[in-house]
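Notes for the structure review
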Amino acid sequence: PLPLPRLTLIVATTPALGIGLRGTLPWPPLKPDLAFFARVTKRPPPPPPSSKTPSNHPHNAEHGEIRNAVIMGRKTWESIPTKFRPLRGRINVVVSRQGGGALGLDRDGEEVAFKVGSVEAGLRELGGRFGDGGSELEGKGEGEGGVRKGGVRLGRVFVIGGAEIYRIALGMECERVLWTRLGREFECDTFFPEGVLEDADAGGGEWERKSSGELDEWTGEEGAGESRQEKDIEFRVVMMERKR
Ligand code: FOL
């Protein structure tokens, strides 16, 4: 079987795990959180610790051809302000029952967004476009490092919602959750699937909460886990990992 890329889920929730209201975010735009989302989903994974990367290797920024992917449902795609989509610097994969096709080209005419009929089809497509998904799949041990075919290599793959897509991803090889927790409640009509975040938070279930040091290391951020305040809304980021 084709090795599929591992998934990282990224989400922001209220204390009741609300994520959406009437097709958009329930809270006023939290700039620092959206900036965190953008930086982390764009940042390519670090080279595997063992590899002695030559200076002309694509892991080096100048020759950087590692791109991460974001997978989202059709409604989430439509919720992103048109001026921000496709999300820049990332391969956008949109899941829709209406099926496949191109969605957006960048300035060089390169396809940066495409539609697929299912999350699995999206992962297969990513594998197919950026490598054969077989012997060229690198960093198998860590599920990172990317696949190559032609120029662009696939880095990390993020699932960015909504509820339906999160649920599907949690039933797959999803190994990590980057969770922004807001300190107070907002009216919501869409919620994150039950039983994952609450369990992890309580130290039970299949998931465990990682330290802020591990969060910083994985994201390449500094102080990502610190409490922040914006528009009277307190929030902080935590990282959950699926137990092996
Ligand atoms: N995860 C977190 N932590 N916060 C979120 O708000 C969030 N939202 C989604 C998925 N995961 C999340 C889905 N909704 C944009 C807008 C809505 C959205 C996801 C992304 C967006 O416009 N992103 C721009 C940044 C815009 C800015 O900096 O103001 C991007 O380039 O990523």
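Provided above is the structure to which this section pertains.
Residues numbered from 1 in each chain as written. Predicted model: local features only at pLDDT ≥ 70, side-chain atom pairs only at ≥ 80, totals over all residues. Heavy atoms only, no water.

A short note on the overall build of the protein chain
Quick reminder of the rule: The helix and strand labels rest on DSSP assignments: H or I over at least four residues marks a helix, E over at least two residues marks a strand, and numbering proceeds from the N terminus. The classification of residues rests on relative accessible area computed with a 1.4 Å probe and restricted to protein chains. Under 20% of the type maximum is buried, over 50% is exposed, and intermediate values are partly exposed. Here, Shrake-Rupley sampling with a 1.4 Å probe gives the accessible areas, and only protein chains in the shown set may cover a residue.
Within the protein chain, the secondary structure is distributed over six helices and 12 strands. Split into buried and exposed, the 244 residues of the protein chain put 47% on the buried side. For the protein chain, the accessible surface area stands at approximately 12600 Å², while carbon and sulfur atoms represent 49% of it.

Here we look at the pattern of salt bridges
Put simply, the rule reads: Any Lys or Arg side-chain nitrogen located within 4 Å of an Asp or Glu carboxyl oxygen qualifies as a salt bridge.
For the structure on display, the rule yields 15 salt bridges. The partner of Glu-173 in a salt bridge is Arg-6, and the shortest N-O contact between them spans 3.9 Å. Of the two residues, Glu-173 sits in the loop between α4 (163-170) and β8 (174-182) while Arg-6 sits in the segment before β1 (7-13), which places them 167 residues apart along the sequence. Residue Arg-6 is classed as partly exposed on the basis of its relative accessible area of 21%.

Points about the site of the ligand
The cut-off we apply is this: Nearness here has a simple test: a residue counts as near a molecule or strand if at least one of its heavy atoms is within 4 Å of that partner. Counting of polar contacts relies on pairs of N or O atoms within 3.5 Å, with two restrictions inside protein: one atom must be capable of donating a hydrogen and the other of accepting it, and residues adjacent in sequence are counted only when both atoms are side-chain atoms.
Inspection of the region around the ligand gives 17 residues, with Ile-10, Asp-33, Arg-90, Ile-160 and Thr-180 positioned closest. Between the ligand and the protein, one listed contact pairs a nitrogen atom with a backbone N or O atom of Ile-10 at 3.3 Å. Summarising the interface, the protein chains cover 88% of the accessible area of the ligand, which totals 670 Å² for the free molecule. Listing elements by their share of the shell around the ligand, those giving two or more residues are β1 and α1 (31-42).

Examining the nonpolar core
Rule in force here: By nonpolar core is meant a set of buried Ala, Val, Leu, Ile, Met, Phe, Trp, Tyr and Cys residues that side-chain atoms within 4.5 Å join together. It only takes one pair of heavy atoms within 4.5 Å for two residues to be counted as in contact.
In terms of nonpolar packing, the biggest core is built from 37 residues, with Leu-9, Leu-126 and Phe-192 touching the most fellow members. When near neighbours in sequence (up to four residues on either side) are disregarded, Phe-192 contacts Leu-9, Val-11, Thr-13, Leu-17, Ile-19, Tyr-166, Leu-170 and Leu-197. Membership of the second largest hydrophobic core comes to 19 residues, among which are Val-70, Phe-158, Ile-160 and Ala-224.

Some remarks on the pairing of strand β7 (residues 153-159)
Rules: When DSSP locates at least two bridges between a pair of strands, those strands are taken to pair.
For β7, the tally of buried residues reaches seven of seven residues, placing the bulk of the element in the interior. Of the strand pairs in this sheet, β1 and β7 are connected by three bridges, and their pairing is parallel. Residue pairing across strands places Thr-8 opposite Phe-158, the latter belonging to β7. As paired elements, strand β3 (residues 66-73) and β7 share five bridges and run parallel to each other. Pairing of Ile-66 across the sheet is with Arg-153, part of β7.

Here's the deal with the packing of aromatic side chains
Worth spelling out the cut-off: In this analysis, rings of Phe, Tyr and Trp, with Trp reduced to its six-membered ring, are considered paired at centre separations within 6.5 Å, and the interplanar angle assigns stacked below 30 degrees, edge-to-face beyond 60, and tilted for intermediate values. Here, over-ring charges are defined by two tests on the NZ atom of lysine or the CZ atom of arginine: distance to the ring centre within 6 Å, and angle to the ring normal within 35 degrees.
The full count for this structure, using the stated rule, is three aromatic pairs. Judged by centre distance (6.1 Å) and plane angle (70°), the ring pair of Phe-158 and Trp-218 falls under edge-to-face. On the criterion of sequence distance, the pair formed by Phe-158 in strand β7 and Trp-218 in helix α6 (residues 212-219) is long-range, its members being 60 residues apart. The pair Phe-158 / Trp-218 is uniform in exposure class, with both members buried. One residue, Arg-129, lies across the ring of Phe-114, its end atom 3.8 Å from the ring centre.

Here's the deal with the pairing of β1
Counting buried positions along β1 yields seven of seven residues, so the element is predominantly enclosed. Residues of β1 alternate between two faces, with Leu-7, Leu-9, Val-11 and Thr-13 on one and Thr-8, Ile-10 and Ala-12 on the opposite face, all of them buried. Pairing of β1 with β8 involves seven bridges; the strand directions are parallel. Along β8, the bridge assignment pairs Thr-13 with Arg-181.

Quick word on the environment of Glu-221
Counting through the fold element by element, Glu-221 comes out in the loop between α6 and β11 (228-230). C-alpha of Glu-221 to C-alpha of Arg-39: the two residues are 182 residues apart in sequence and 8.8 Å apart in space. Excluding residues that lie within four positions of it along the chain, Glu-221 makes contacts with Phe-36, Arg-39, Val-40, Arg-43 and Asp-216. Polar side-chain contacts of Glu-221 include one of 2.6 Å to the side chain of Arg-39.

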